[in-house]
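Below, each chain spelled out in residue letters.
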Amino acid sequence: MADGMSELRKLLAESRRVVFFTGAGVSTESGIPDFRGPGGLWSKYRPIDFSEFMSSAEARKEYWRRKIETDKVLLTAQPNRGHRAIAKLIETGKASAVITQNIDGLHQASGIPAGKVIELHGNTTYATCLDCGERYELEPIKQAFVADGTLPECAECMGIIKPATIAFGQAMPPGPMHQAQIETVACDLFISVGSSLVVYPAAGFPALAHERGASLVIVNREPTPLDGMARLTVQGEIGSVLGDAVGVN
Ligand code: APR
Ligand code: ZN
């Protein structure tokens, strides 16, 4: 690992413009479970995809039940050393953006301006009407659901309300996808952190960076399908790998 660390430090020092790409693994040291690692969410729950959410009130109830459960950890979690290391490189201007698959808001909580956090899979801190886009705060929805299982309905158009995250089978947000594309082709060093790199189109960005000639670095506890195209893979705990490489506690 030592040579991986010195190579990572060298790549960071030589880079003109770094882009970070993060997955659930960057937040596990903040107490938020990932999806496919040991004990991850998909070992507990079967994913509810968008068409099931839309077609079944029972599926929507299960979706809200899970959200209320997982929010108990998510809404109290704090950024960890890995988040702070990324935030420091954004602050010094070495990194231009973080493309994240995460919905926990911890990159923003670590001090990165919202405009530099590109949320490909949405954000779990509010809900929206799927028909008219009206925004809804979560607390009143959760209280009504916990009280008597009432599913939220849009006051404007009677549409279905869903947390503002992207479920499997749901359209990706065009704005963040476009911004991620721009950042990916502009960087010379693309660092994927804490992602199993198995979900597309998100995992297409590390591949695009490599195709466009950027150096791809993958920091993850376990191997990923894109390791073969990486200039460097560092297998270890993200907090210590990034914290040591960048010099933050
Ligand atoms: N240090 C290093 N690696 C870690 C750590 C850690 N502290 N914690 C977890 N990991 C690794 C796991 O071993 C795993 O390979 O992070 C990776 C997380 O992968 P996933 O759980 O698949 O998460 P992610 O890649 O973000 O999933 C992508 O899938 O379910 C959808 O929408 C969801 O955004 C998510 C998408
Ligand atoms: Zn509506």
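Counting from 1, residues in each chain are numbered in the order their sequence is written. Here every chain gets a letter starting at A, and every ligand a number starting at 1, in the order they are written. Under the rules for a predicted model, residues below a pLDDT of 70 receive no local features and side-chain atom pairs below 80 are neither given nor counted, while totals for whole chains, interfaces and linings still include all residues. Water and hydrogen atoms were dropped before computing side-chain values, which therefore reflect all heavy atoms in the structure.

Enquirer: Outline helix α8 (residues 174–186), supporting the account with residue identities and numerical values.
Expert: Here α8 spans 19 Å end to end across 13 residues, near enough to the 18 Å set by a 1.5 Å rise per residue. Listing the buried residues of α8 in full gives A180, E183 and T184. On an axial view of α8, the arc spanned by its buried residues comes to 100 degrees, and they lie on one face. In α8, the exposed positions angled more than 90 degrees off the buried face are occupied by P174 and H178. A contact between two residues is defined here by any heavy atoms of the two lying within 4.5 Å. Under the scheme used here, helices are H or I runs from DSSP no shorter than 4 residues and strands are E runs no shorter than 2 residues, and both carry numbers assigned from the N terminus. Summarising the contacts, the buried residues of α8 are in contact with β1 (18–22), β2 (95–100), β3 (117–119), β7 (189–193) and α9 (204–211). How far a helix is expected to stretch is found by multiplying one less than its residue total by 1.5 Å. Exposure categories follow from relative accessible area, calculated using a 1.4 Å probe and restricted to protein chains: below 20% of the type maximum is buried, above 50% is exposed, and the middle band is partly exposed. Directions drawn from the helix axis to the C-beta atoms are what define this arc.

Enquirer: Tell me what's going on with the sheet that holds strand β8 (residues 215–220), and back it up with residues and numbers.
Expert: At least two DSSP bridges between two strands are needed for those strands to be called paired. The strand order across the open sheet built from six strands is β3-β2-β1-β7-β8-β9, with neighbouring strands paired in parallel fashion. Each having just a single partner strand, β3 and β9 (232–235) make up the two edges of the open sheet. Across the sheet, the mean angle separating the axes of adjacent strands is 15 degrees when strand polarity is ignored. Relative to β8, β7 is paired through five bridges, and the arrangement is parallel. The partner of S192 across the bridge, within β8, is I218. What counts as an axis is a line fitted to C-alpha atoms, over the stretch in contact for a helix, and the angles between N-to-C directions run from 0 to 180 degrees. Across the sheet, helix α5 (residues 81–91) is in contact with β1 and β2; its angle to β2 comes to roughly 140 degrees.

Enquirer: I'd love a proper account of the domain arrangement of the chain, names of residues and values included.
Expert: Just so you know, the domain bounds were taken from an automatic or database domain assignment. Splitting the chain by domain gives domain 1 (1–32 + 79–121 + 172–249) and domain 2 (34–76 + 123–165). Of the residues lining the interface, 14 residues belong to domain 1; the matching set on domain 2 comes to 10 residues. By buried area we mean the combined loss of accessible area, with a 1.4 Å probe, across both parts when two parts are placed together. Both faces considered, domain 1 and domain 2 share a buried interface measuring about 960 Å² in area, 62% of it formed by carbon and sulfur atoms. Any Lys or Arg side-chain nitrogen found within 4 Å of a carboxyl oxygen on Asp or Glu counts as a salt bridge. Where domain 1 touches domain 2, the interface holds zero salt bridges. The definition of a polar contact used here is a pair of N or O atoms within 3.5 Å, where within protein one atom must be able to donate a hydrogen and the other to accept one, and adjacent residues in sequence count solely through side-chain atom pairs. Across the contact surface, domain 1 and domain 2 share two residue pairs in polar contact (both at pLDDT 80 or more). Each residue belonging to the side of domain 1 that touches domain 2 can be placed in one class, and the counts come to five nonpolar, six polar and three charged. Each residue is assigned to one of three groups, with Ala, Val, Leu, Ile, Met, Phe, Trp, Tyr, Cys and Pro labelled nonpolar, Asp, Glu, Lys and Arg labelled charged, and all others, Gly among them, labelled polar.

Enquirer: Can you break down the packing of α5 against helix α10 (residues 238–246) residue by residue, with the values?
Expert: At their nearest, the axes of α5 and α10 sit 7 Å apart, and the two run at 35 degrees to each other. α10 is crossed by α5, and the crossing has left-handed handedness. Contacts from R81, G82, A85, I86, K88 and L89 of α5 reach α10 at I238, G239, S240, L242, G243, D244 and V246. For the contact of α5 with α10, the class distribution of residues is six nonpolar, four polar and three charged. By convention, the crossing between two helices is left-handed when the near helix turns anticlockwise from the far helix through less than a right angle, and right-handed when the turn is clockwise.

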